[in-house]
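Chain residues, written in single-letter form:
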Amino acid sequence: MAWLICDLETENHEYLGSRVSPFCEKNYIVAPAYAINDEPVKYWYFNSKEEADASDWCNDALEKATVFVAHNATMEIHWMMHRHKDAFLKFIKRGGRIFCTQYAEYLLSHQLETYPALNDVAPRYGGSTKIDEVKLMWEQGYLTSEIPRELLIQYLAGPEGDIENTRKTCFGQYAK
């Protein structure tokens, strides 16, 4: 099996009560990242919606994958269906499966932990906590595109970033 561990950092203009809605015309994928199995993390950074929409990163990612992995996969699926619908549906139609580490943790906790954060789950499986600077900037009202590129990429694709933590969580949960 080819496990595609994926995470998206998106622009965060509020729209109908959601801060990361793919339906808001101002929002776009600022930085996608993924890794297949234990391969190195690949990532991109886009300076505009036009640049993000023109990228072919998604086809490259889904082409080899058999299982799409994300923490709170609903968010990534919404974005994939809105911005990369053809590639995502092709993945599903050829038998692609989805593994949500947030939902898996809910099930593994015997339904006691609802919506567990990756920051809380990852350390249980050998991962780490996230970089607080990025969360703090979001809480202060920064748009994702306003966060320094290097800091955002470290948060997403660095050795202690979302991709590595989701990967450790996924494989730990799968073993359980």
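All of the points below concern the structure found in this document.

Thresholds, definitions, all that
Residues numbered from 1 in each chain as written. Predicted model: local features only at pLDDT ≥ 70, side-chain atom pairs only at ≥ 80, totals over all residues. Heavy atoms only, no water. Buried < 20%, exposed > 50% of the residue type's maximum accessible area, 1.4 Å probe, protein only. Helix = DSSP H or I, 4+ residues; strand = E, 2+ residues; numbered from the N terminus. Arc of directions from axis to C-beta. Pairing = 2+ DSSP bridges. Contact = heavy atoms within 4.5 Å. Axes fitted to C-alpha atoms, helices over the stretch in contact; angles between N-to-C directions. Patch = residues over 30% accessible without salt bridge, like charges linked within 9 Å, V, L, I, M, F, W, Y side chains within 5 Å. Areas by Shrake-Rupley, 256 points an atom, 1.4 Å probe, with all protein chains shown as cover. Salt bridge = Lys/Arg side-chain N within 4 Å of Asp/Glu carboxyl O. Phe/Tyr/Trp six-rings, centres within 6.5 Å; stacked < 30°, edge-to-face > 60°. Core = buried A, V, L, I, M, F, W, Y, C linked by side-chain atoms within 4.5 Å. Parallel < 35°, antiparallel > 145°, perpendicular 65-115°, else oblique. Left-handed = near helix turned anticlockwise from the far one by under 90°.

Considerations on helix H3 (residues 73-83)
Step number 1: Within the span of H3, buried status applies to Ala73, Met75, Glu76, Trp79, Met80 and Arg83. The arc that holds every buried residue of H3, seen down its axis, measures 160 degrees, which confines them to one face.

Here we look at the sheet that holds strand E4 (residues 67-70)
Step number 1: The five strands lie next to each other as E3-E2-E1-E4-E5, forming an open sheet whose pairing is mixed. One side of each edge strand has no neighbouring strand; the edge strands of this open sheet are strand E3 (42-43) and strand E5 (97-100).
Step number 2: Across the sheet, H3 touches strand E1 (3-10), strand E2 (29-36), E4 and E5, and the angle it forms with E1 is around 80 degrees.

Quick notes on a nonpolar patch on the surface
Step number 1: Taken together, the side chains of Tyr15, Leu16 and Phe23 make up a nonpolar region of the molecular surface, amounting to roughly 350 Å² of accessible area.
Step number 2: With respect to the helices, strands and loops of the structure, Leu16 is situated in the loop between E1 and E2.

Focus: the packing of aromatic side chains
Step number 1: Taken as a whole and judged by the stated rule, the model has ten aromatic pairs.
Step number 2: Relative to Trp44, the ring of Tyr34 has its centre 5.7 Å away and its plane inclined at 20 degrees; by these criteria the two rings are stacked. Here Tyr34, found in strand E2, pairs with Trp44, found in the loop between E3 and helix H1 (49-54); they are ten residues apart in sequence, far enough to count as distant.
Step number 3: Given the relative accessible area of 24%, Trp44 is considered partly exposed.
Step number 4: In this structure an aromatic cluster arises from ring pairing among Trp3, Phe99, Phe171 and Tyr174.

What to know about helix H5 (residues 101-108)
Step number 1: Of all the positions in H5, only Thr101, Gln102, Ala104 and Glu105 are classed as buried. Buried residues in H5, looked at end-on, bunch into an arc of 160 degrees, giving them a common side.
Step number 2: Next to the buried residues of H5 lie E4, E5, helix H6 (118-121) and helix H9 (162-175).
Step number 3: Phi turns positive one or two residues past the end of H5, at His110, with a value near 60 degrees.

Section: the nonpolar core
Step number 1: Judged by nonpolar contacts, the single largest core of 50 residues is most densely connected at Leu4, Trp57, Leu62, Phe68 and Leu152.
Step number 2: Of all the elements, E2 adds the most residues to this core, at seven residues.
Step number 3: Ignoring sequence-local partners within four residues, the contact set of Trp57 consists of Cys6, Leu8, Ile29, Pro32, Tyr34, Trp44, Phe46, Met80 and His84.

Some details on the packing of H5 against H9
Step number 1: At their nearest, the axes of H5 and H9 sit 10 Å apart, and the two run at 40 degrees to each other. The orientation of H5 with respect to H9, classified from their angle, is oblique. For the pair H5 and H9, the sense of crossing is left-handed. When H5 is examined against H9, the residues Thr101, Ala104, Glu105 and Leu108 are found in contact with a partner set consisting of Thr166, Thr169, Cys170 and Gln173.

By themselves, these observations are geometric and do not establish any function.
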